[in-house]
Amino acid sequence: MSWGAVVAGAVCGILSAFGIGGGSLLMIWMTAVLNMEQQTAQAINLLYFLPAASISLIFHIHNRQICWRAAVPAILAGVVTAALSAWAASCLEAVLLRKAFGVFLLVIGVLELRKKPSPPPKRQVPLQNQ
Amino acid sequence: MKRITWRAALSGAAAGTINGLLGAGGGMVLVPMLIGWCGLSDKHAFATAISIILPLCIVSIVVYGCHAPLPLAESLPYLVGGAVGGVIGGLLFRRVSAGILHKLLGALILWGGIRLLV
């Protein structure tokens, strides 16, 4: 077993627990440091997300933290676009995908550095359906 | 149909596009949209985002798996590390300043972006 991968997974797991983009960091480790092929890194990253997300989802459902009025339409629309863009990613050249991810990281990085503590929202959507 | 339904659907569509294409970053798009656009509180947005991203990830993985064999063996050490990290993170929660973490993360992400482009 590769210990570097275990440590990278652990560091990103810690950051994810803080709610801070652990998934993006793992992608940076695999692509920018290890120079892994983009599609392989993406598949590993998606698999990495599954168990942790499933466990925290169980807690969130149990604690009634999920706004289903937003989640249901978002899932229905997102499933369609995810399937289409995942298909596109499988067909695209790895180099092109790598550049696209690089641009995405630059945008996210700038936003992250400029992030201020968020003020309370003006209006809040109640969780229950009326 | 209610306004939140459409806004949530569009937010989900944006997250799905990023998630499928780049294999990461869906939550980075979704959480701010759920808070700023759909009017969810931070806490609810974070939990709701996970409930949305999880099915999107499964769809993306299935589509990837149809094109090429999934790197299951290569993922295993990351998954083991992730489980350990999740427990440590849960124990350390609230003992670390979020402001410093965001600055560190931003710098790391920028460095990664530059390395991928240059």
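Structural notes, computed from the coordinates. (Residues numbered from 1 in each chain as written. Chains lettered and ligands numbered in written order. Predicted model: local features only at pLDDT ≥ 70, side-chain atom pairs only at ≥ 80, totals over all residues. Heavy atoms only, no water.)

1. With respect to the interface of chain B and chain A
- Taken together, the contact between chain B and chain A spans 82 residues of the former and 91 residues of the latter.
- When chain B packs against chain A, close to 7,400 Å² is buried across both sides, 78% of that on carbon and sulfur atoms.
- Among the residues of chain B in contact with chain A, Leu22, Tyr78 and Leu116 of chain B are the three that bury the most area, contributing 11% of the side total.
- Inspection of the region where chain B meets chain A yields 14 residue pairs in polar contact (both at pLDDT 80 or more).
- Elements represented by at least two residues in the side of chain B that touches chain A include exactly helix H1 (3–22), helix H2 (26–36), helix H3 (42–67), helix H4 (72–92) and helix H5 (98–117) of chain B.
- Counting residues per element, the side of chain B that touches chain A draws most heavily on H3 of chain B, at 21 residues.
- Residues belonging to the side of chain B that touches chain A are distributed by class as follows: 48 nonpolar, 26 polar and eight charged. (Contact = heavy atoms within 4.5 Å. Buried area = accessible area lost by both parts, 1.4 Å probe. Polar contact = N/O pair within 3.5 Å; in protein donor to acceptor, adjacent residues only side chain to side chain. Helix = DSSP H or I, 4+ residues; strand = E, 2+ residues; numbered from the N terminus. Nonpolar A, V, L, I, M, F, W, Y, C, P; charged D, E, K, R; others polar.)

2. A short note on the nonpolar core
- Of all hydrophobic cores here, the largest spans 35 residues; its most connected members are Ala70 of chain A together with Leu30, Leu34, Cys38, Leu40, Ile52 and Tyr64 of chain B.
- Of all the secondary structure elements, the ones that give two or more residues to this core are helix H3 (38–62) and helix H4 (68–91) of chain A together with H1, H2 and H3 of chain B.
- It is H3 of chain B that contributes the most residues to this core, 13 residues altogether.
- Once you skip the residues sitting within four places of it in the chain, Ile52 of chain B turns out to touch Ala70, Ala71, Ala74 and Ile75 of chain A together with Leu30 and Leu34 of chain B.
- Among the nonpolar cores identified, the runner-up in size contains 26 residues, and Cys12 and Met30 of chain A together with Ala24 and Val29 of chain B belong to it. (Core = buried A, V, L, I, M, F, W, Y, C linked by side-chain atoms within 4.5 Å. Buried < 20%, exposed > 50% of the residue type's maximum accessible area, 1.4 Å probe, protein only.)

3. A short note on the packing of H1 of chain B against H2 of chain B
Residue and element names in this part refer to chain B.
- Axis separation between H1 and H2 bottoms out at 8 Å; the angle between their running directions is 165 degrees. For the element pair H1 / H2, the angle class is roughly antiparallel. In this structure, H1 crosses over H2, and the sense of that crossing is right-handed. When H1 is examined against H2, the residues Ser11, Gly12, Ala14, Ala15 and Ile18 are found in contact with a partner set consisting of Gly26, Val29, Leu30 and Met33.
- Considered class by class, the residues forming the contact of H1 with H2 number six nonpolar, three polar and no charged. (Axes fitted to C-alpha atoms, helices over the stretch in contact; angles between N-to-C directions. Parallel < 35°, antiparallel > 145°, perpendicular 65-115°, else oblique. Left-handed = near helix turned anticlockwise from the far one by under 90°.)

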